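Coordinate analysis (summary)
The lines below spell out each chain.
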Amino acid sequence: MLRYYTRACNFYYGKKSKILIKNKKSLPLNGNDFISFDRIQIISRNSKKTIFLSEINGLPEKIKKKVKKDLKIITKPKIFLKDFNFKKVPNIMGILNVTPDSFSDGGNFFTNKSAVKQLNYLFKCGADIVDIGGESTRPGSKTVSSNVEWRRIKDILGKIKKKTISLDTRKSDIMEKGIKLGVKLINDVSGLSFDDNSVNILKKYKTPFVIQHSIGTPENMQNNPKYKNELLDIYDYFEDKIKLIRSKGIKHNNIILDPGIGFGKNLKHNMNLIRGVSIFHSLGFPILVGNSRKRFIKDISKKNDSKTRIGGTMASSIYLLMQGIQILRIHDVNEVKQGIKVFNEIVKN
C-alpha cells in the first residue's frame, strides 16, 4: 500500500512569521512563532506534490487525514530537556574531540590542559551544550577499547561541574560512567546498535539521547552506500528505531534525531538529506544535524583542507536554520553563532 509523508516547507521568519500566524496564513513550527510555514510537500515513493495549507481540505480523504495528523505533530511545541531552549532556533552543540585521529581536529585537544581550554572556549563562544568524545568515528576509523576511550575523557568529564555536556560514545559502560559524572545527553552515532546494553543504561538513568542514522560501521560505512530513497529510507529507519526502543521499556520522550550527514552517505545522499531535512519534523522529535566541516563541503568546493571549511559550514548552517533544525553540531562555534546573530537581526523586523 502506497505510503505518504508530510514535509513542511516554504518557511517564514521573524516579524513576518508572527504576522502570518496571527492572520492564520501560516502555521508555527513546533509552536515557535519565530518560524512558520504555509505550504507542505506530500511525498510518496513515486510522487511529490507541493500545496498551500489552504488546499488540504481538497485532498482525498485518506491523504487529508494523514496530513492533518502530521500537522498536529509538526506544530506541537518541543518542551523537554531543560538545557535546551527550543524557542531559540537553532541551539548550538560544540564539538570537543579528545582523540588523536578525528577527521578535522584529531590531536588538537588530546591533552587534558588543551581539552579544558577548548571546553571553556566553546561555552564562551555561545555553545548551548558541548559534545565530548574519546573515540573517532570518522570514515575508516577503527574501534578503540572502553579502557582507552575512558582514559582519554575521564579527566575532562571530571571537570565539567555544572556545564551542560553531551557524551559522544557507542559503549554502555562509558555512557554509565559519564552519566554518573553529570553528562546530560548521550550521542550514539550507531543509533544504539553497537552495544545491546545501551538501551538498558538510558532506561535506568532516564537520560536523554540522540538516535543517529548510519549504515554499517565507521570502518566500512563509506563503501558504496546505497538507498532506494535516502530521505524516506531514513525516515522509516527512525520510525522503526523509536518503536524498537519503546518496546524495550524506554517511555520518555527525551529523544533527538540525527540523519547522520556523512555516515554512510555520498554527496548526492547528503545534499538530498539537507534539502529535505524538514520532513523529519513530522516524527515529533527535535532534529540535530552535524554539518560542520563535513566532506560534502570538500566535494563541492574541490578543496581538501578539513580545517578551513567554515564557508561551507556557515552556508549549510543557515540553510538548516531556515528549515527549523533545532540543534547544529559545530566545530567553529564563534563563527556560526555570529552568522546566526546576523541572520536573526535581518529577519527581526
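Residues numbered from 1 in each chain as written. Predicted model: local features only at pLDDT ≥ 70, side-chain atom pairs only at ≥ 80, totals over all residues. Heavy atoms only, no water.

1. Overview of unusual backbone geometry
Located in the positive-phi region is K206, a residue other than glycine, with phi close to 55°. Mapped onto the fold, K206 is located in the loop between helix 6 (198–205) and strand 9 (209–212). Phi is positive for R293, close to 55°, though the residue is something other than glycine. Considering the arrangement of structural elements, one finds R293 in the loop between strand 11 (288–289) and helix 9 (295–301). (Helix = DSSP H or I, 4+ residues; strand = E, 2+ residues; numbered from the N terminus.)

2. Regarding the nonpolar core
For soluble globular proteins, nonpolar side chains are generally found buried alongside one another. In this structure, I132 and F280 are the most contacted members of the largest nonpolar core, which totals 85 residues. Counting residues per element, this core draws most heavily on helix 7 (residues 230–247), which supplies 7 residues. Core analysis: the next-biggest nonpolar cluster, separate from the first, contains 9 residues, F84, M93, V210 and L288 among them. (Core = buried A, V, L, I, M, F, W, Y, C linked by side-chain atoms within 4.5 Å. Buried < 20%, exposed > 50% of the residue type's maximum accessible area, 1.4 Å probe, protein only.)

3. Regarding the pattern of salt bridges
All told, the structure shown has 17 salt bridges when counted by the stated rule. The partner of D233 in a salt bridge is R45, and the shortest N-O contact between them spans 2.6 Å. Residue D233 is located in helix 7, and its partner R45 is located in the loop between strand 3 (32–43) and strand 4 (48–52); the two are separated by 188 residues in the primary sequence. In this structure, the salt-bridge partner of K204 is E176, at a minimum N-O distance of 3.2 Å. (Salt bridge = Lys/Arg side-chain N within 4 Å of Asp/Glu carboxyl O.)

4. What to know about the side chain of S292
Here S292 lies in the loop between strand 11 and helix 9. Overall, S292 belongs to the buried group, its relative accessible area being 2%. Side-chain polar atoms of S292 contact the side chain of H331, separated by 2.7 Å. (Polar contact = N/O pair within 3.5 Å; in protein donor to acceptor, adjacent residues only side chain to side chain.)

5. Overview of the side chain of D236
Its place among the elements puts D236 in helix 7. Classification of D236 by relative accessible area gives buried; the value is 18%. Separated by 2.8 Å, the side chains of D236 and Y5 make a polar contact. Only 2.9 Å separates the side chain of D236 from the side chain of R45, close enough to count as a polar contact. Here D236 is in contact with R3, Y5 and R45, once residues within four sequence places are set aside. (Contact = heavy atoms within 4.5 Å.)

6. With respect to empty space enclosed by the protein
All chains considered together, the criterion is met by 1 cavity of 30 Å³ or more. Taken as a whole, the largest cavity holds about 40 Å³ of empty space. Residue lining of the largest cavity: L29, N30, N32, I35, F86, V89, G324 and Q326, and that is the complete set. For the lining of the largest cavity, the residue count by class is 4 nonpolar, 4 polar and no charged. (1 Å grid on protein atoms, 1.4 Å probe; cavity = no way out; pocket = protein on both sides within 12 Å on 5 of 7 lines; lining within 4 Å. Points joined across faces, edges and corners; volume = space filled by probe spheres on them. Nonpolar A, V, L, I, M, F, W, Y, C, P; charged D, E, K, R; others polar.)

7. Here we look at the environment of S54
Among the secondary structure elements, S54 is positioned in the loop between strand 4 and helix 2 (61–75). Taking relative accessible area as the criterion, S54 reaches 67% and is therefore assigned exposed. C-alpha separation for the pair S54 and K25, spaced 29 residues apart in sequence, amounts to 8.5 Å.

8. Structural notes on the layout of surface pockets
Over the atoms rolls a probe the size of a water molecule, and in doing so it shows where empty space is left. Its boundaries defined by the atoms lining it, the second largest pocket holds a volume of some 520 Å³. Lining the second largest pocket are 20 residues, with I73, S282, L283, G284 and F285 sitting closest to its centre. Put simply, the parts of the chain that give the lining of the second largest pocket at least two residues each are helix 2 and helix 7. In the lining of the second largest pocket, the residues fall into 9 nonpolar, 3 polar and 8 charged.

9. Some details on the sheet that holds strand 11
Within a sheet, adjacent strands bond to each other through the backbone by hydrogen bonds, running parallel or antiparallel. What the 8 strands build is an open sheet, ordered 10-9-8-7-6-5-12-11; its pairing is parallel. Since the sheet does not close on itself, it has two edges, and those belong to strand 10 (255–258) and strand 11, each with one partner. Bridge count for strand 5 (residues 91–97) against strand 12 (residues 327–330) is 4 bridges, and the pairing is parallel. Its bridge partner lying in strand 12, I92 is registered against L328. Running at roughly 170° to strand 5, helix 11 (residues 333–347) makes contact with strand 5 and strand 12 of the sheet. (Pairing = 2+ DSSP bridges. Axes fitted to C-alpha atoms, helices over the stretch in contact; angles between N-to-C directions.)

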